Amino acid sequence: DLVFTLRESLKPQKNHVFYCQSCGDIIVKDRKFLRVLPLPSENWNALVEEWCCHPNPFARSTLHPKHDDCFLGDTFFLLNSGNESHKSKENTRVICKRCKTTLGETVSSDTIKYYVTEVIIRPSEGSFSPTPRPQFVQSMVAQCLVELSSAKSTFRFTVKGDNGKTYILIWLLNSDTLLVESLGSSSSHSVFTLFGDIFMPSSGPVRTWNAVKVLYQPCIKSRNKDLADAWENDMGVHPLKFPSETCLELLLILGLSTTSLPPSLRCMNSFQVRNSCY
């Protein structure tokens, strides 16, 4: 089952079902959107002062979807909560009722933010088929990197958790890598054991799949703190926000892939090297 981009999954005037990616529980059932609109950059309000010669006319304005709207952000989408209720009693996290996975957070009394790494969207006439968690996470993150690098000419990213902490620094080297594996090669299977065969779309006598090549640095437990602080204050670095648990999952995926490479290819300029499929 291929992982489609959010924009491919969501179509106006079509009924959609939203599933928890972890357990398959239905989060939103048979929702039809009249409008599916991209949101501006998360920093748009702060930049208005550079555009206007008078006080910010949007200072008290917020972009909240109506019941028939879906707004798409960099790593999330906004829905009008309607009659849906997944809010945790302790805080503003939105959790799955079945498996208790964090799906997103409440933005206001009538708006919910769902992260693209936590929810699968399918047409109502379709059916849910599970995608292995590591495949889904790496695919959605890779798609975010490709789209943002193309739209904003941004190639450096900080991966932040919903607790505000920075977990990973990512430097995108290229987004047009094509990985090829011969079906008759037994040695190549050990290189990508993290993903397994289901991660590789079959194409004739060889398997081929798109990938992005990235450099990364982990920032947990105050590692690379000086570099993380420098990137935090750099306008050329774009933040990507996900649930904290997902940030740790992504870090594990990156680390396991790096260890599968020959030692001479694992580092570049103190950064670790990783190929991520999508």
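Summary of the structure given here. (Residues numbered from 1 in each chain as written. Predicted model: local features only at pLDDT ≥ 70, side-chain atom pairs only at ≥ 80, totals over all residues. Heavy atoms only, no water.)

To continue, consider the nonpolar core. Phe18, Phe77, Tyr114 and Ile168 are the most contacted members of the largest nonpolar core, which totals 44 residues. Take this core: its biggest share by element is eight residues, from helix H3 (residues 133-152). Setting aside residues no more than four positions away along its own chain, phenylalanine 18 makes contact with Leu10, Asp25, Ile26, Ile27, Val28, Arg31, Phe33, Phe77, Leu79, Val119, Ile120 and Ile121. (Core = buried A, V, L, I, M, F, W, Y, C linked by side-chain atoms within 4.5 Å. Buried < 20%, exposed > 50% of the residue type's maximum accessible area, 1.4 Å probe, protein only. Helix = DSSP H or I, 4+ residues; strand = E, 2+ residues; numbered from the N terminus. Contact = heavy atoms within 4.5 Å.)

To continue, consider H3. If you check H3, its first and last C-alpha atoms are 28 Å apart, about what 20 residues at 1.5 Å a residue would give, namely 28 Å. Burial runs high along H3: 14 of the 20 residues are buried. Downstream of H3 by one or two residues, serine 153 has phi in the positive range, about 50 degrees. (Expected span 1.5 Å × (residues − 1).)

Its place among the elements puts histidine 64 in the loop between helix H2 (44-51) and strand S4 (69-72). For the pair histidine 64 and leucine 78, spaced 14 residues apart in sequence, the C-alpha to C-alpha distance is 7.6 Å. Other than its neighbours up to four places away in sequence, histidine 64 contacts Phe71, Val107, Ser108, Asp110 and Thr111.

Strand order in the open sheet formed by three strands is S2-S1-S9, with antiparallel pairing between adjacent strands. Each end of this open sheet is capped by a strand with a single partner; those strands are strand S2 (26-32) and strand S9 (119-123). Averaged over all pairs of adjacent strands, the angle between strand axes in this sheet comes to 20 degrees, irrespective of strand direction. Two elements, strand S1 (residues 15-20) and S2, share four bridges in a ladder whose sense is antiparallel. When the bridges of S2 are listed, phenylalanine 18 appears paired with valine 28. (Pairing = 2+ DSSP bridges. Axes fitted to C-alpha atoms, helices over the stretch in contact; angles between N-to-C directions.)

Moving on: the sheet that holds strand S3 (residues 35-38). Pairing in this open sheet of six strands is mixed, and the strands run S3-S4-S5-S8-S7-S6 from one edge to the other. In the strand order of this sheet, the two ends are held by S3 and strand S6 (93-95), each with one partner. Mean inter-strand twist for the sheet, computed between neighbouring axes without regard to direction, equals 30 degrees. The pairing of S6 with strand S7 (residues 102-108) spans three bridges and is classified as antiparallel. In the sheet register, arginine 93 faces S7, and the bridge partner there is glutamate 105.

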